[in-house]
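# Fold and contact review
If you want the building blocks of each chain, they are given just below.
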Amino acid sequence: LIALIELSTTQEVYKETRQLLTEMISNKKKVPDIYFTYKLFDFIDAEEGVILLMNRYHEESNNEIKNGILHDIFYMFNDKIEKEKAVELLIKYLKKETDKDMKIKLIGILANIVKNNTMIGSDMAVDALIEQLQKETDNEVKIAIIKTLGNIRSDKAVDALIEQLQKETDKDVKIAIINALASI
């Protein structure tokens, strides 16, 4: 299949191999293979590929496969998508996401990208994370957001973290806020 993909010289062959790869990722009877996932991103738009993986994640009931998909999503964002586009997509998906584990993974990916590329999307990421923190109800997700804000070390987060500290009732969340403020 990979040889066929690499030899795709006509639009029709290209279209067929792209469709085959898409079906392979979407097939619930098979575990998505990272090599094929990487190849898929050579043939389709980054956003389309991430949507495909996220849809497969939400349709999957096997936790081991779900974790593998989360791992694939992490590598796709870090290796296959331009960093500014990745920050934009991550923020977009984080706002819509309802699954706690997926939210935490998206926050982690966002943290990794912004931390390693401080000039790329940090203001946009901080604004989105503050907005998400203000409406988040799950304490584990709150802590992931707070740790990320602390790691980004943006002064923009200070007021929002202080405000969150004043209204927060959970001890672990409060500790995370204090640690984040200390690192900023």
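Residues numbered from 1 in each chain as written. Predicted model: local features only at pLDDT ≥ 70, side-chain atom pairs only at ≥ 80, totals over all residues. Heavy atoms only, no water.

### Comments concerning the packing of helix 6 (residues 83–96) against helix 7 (residues 100–116)
The interhelical angle for the contact between helix 6 and helix 7, taken along N-to-C directions, is 155 degrees, at an axis separation of 10 Å. By the angle between their axes, helix 6 is roughly antiparallel relative to helix 7. Considering the relative orientation of helix 6 and helix 7, their crossing is left-handed. Residue-level contacts link K83, A86, V87, L90, I91, Y93 and L94 of helix 6 to K103, L106, I107, I109, L110, I113 and V114 of helix 7. The residue makeup of the contact of helix 6 with helix 7, split by class, is 12 nonpolar, no polar and two charged. (Axes fitted to C-alpha atoms, helices over the stretch in contact; angles between N-to-C directions. Helix = DSSP H or I, 4+ residues; strand = E, 2+ residues; numbered from the N terminus. Parallel < 35°, antiparallel > 145°, perpendicular 65-115°, else oblique. Left-handed = near helix turned anticlockwise from the far one by under 90°. Contact = heavy atoms within 4.5 Å. Nonpolar A, V, L, I, M, F, W, Y, C, P; charged D, E, K, R; others polar.)

### As for the side chain of Q164
Note that Q164 resides in helix 10 (residues 156–167). Overall, the relative accessible area of 4% leaves Q164 in the buried class. Every residue in contact with Q164, bar those within four places of it in the chain, is listed here: L133, Q134, K142 and I177. (Buried < 20%, exposed > 50% of the residue type's maximum accessible area, 1.4 Å probe, protein only.)

### Looking at the nonpolar core
One finds I73, F77, L110, L129, I146, L149 and L161 to be the most contacted residues of the largest nonpolar core, which totals 48 residues. Filtering out sequence-adjacent residues up to four positions away, F77 remains in contact with V50, K83, A86, L89, L90, Y93, L106, I109 and I113. (Core = buried A, V, L, I, M, F, W, Y, C linked by side-chain atoms within 4.5 Å.)

### Quick look at helix 7
A rise of 1.5 Å per residue sets the reference length of helix 7, with its 17 residues, at 24 Å; its end C-alpha atoms lie 24 Å apart and thus fit the reference within 8%. Of all the positions in helix 7, only M102, K103, L106, I107, I109, L110, A111, I113 and V114 are classed as buried. Buried residues belonging to helix 7 abut helix 4 (46–59), helix 5 (63–80), helix 6, helix 8 (122–135) and helix 9 (139–152). Where helix 7 begins, the capping side chain belongs to D99, and its oxygen is found 3.2 Å from the backbone nitrogen of D101. (Expected span 1.5 Å × (residues − 1). Polar contact = N/O pair within 3.5 Å; in protein donor to acceptor, adjacent residues only side chain to side chain.)

### A few points about unusual backbone geometry
For R153, which is not glycine, the phi torsion reads 60 degrees and is therefore positive. Mapping R153 onto the fold places it in the loop between helix 9 and helix 10.

### Let's talk about the side chain of D99
Take D99: it is sitting in the loop between helix 6 and helix 7. Buried charge without a salt bridge: D99, with K66 as the nearest opposite-charge side chain at an N-O distance of 4.3 Å. In terms of polar contacts, D99 uses its side chain to reach the backbone amide nitrogen of D101, at 3.2 Å. With near-sequence residues (within four places) excluded, D99 lies in contact with Y57, H58 and K66. (Lys, Arg positive; Asp, Glu negative; His and termini not counted. Salt bridge = Lys/Arg side-chain N within 4 Å of Asp/Glu carboxyl O.)

The quantities given are spatial measurements derived from coordinates; they are silent on function.
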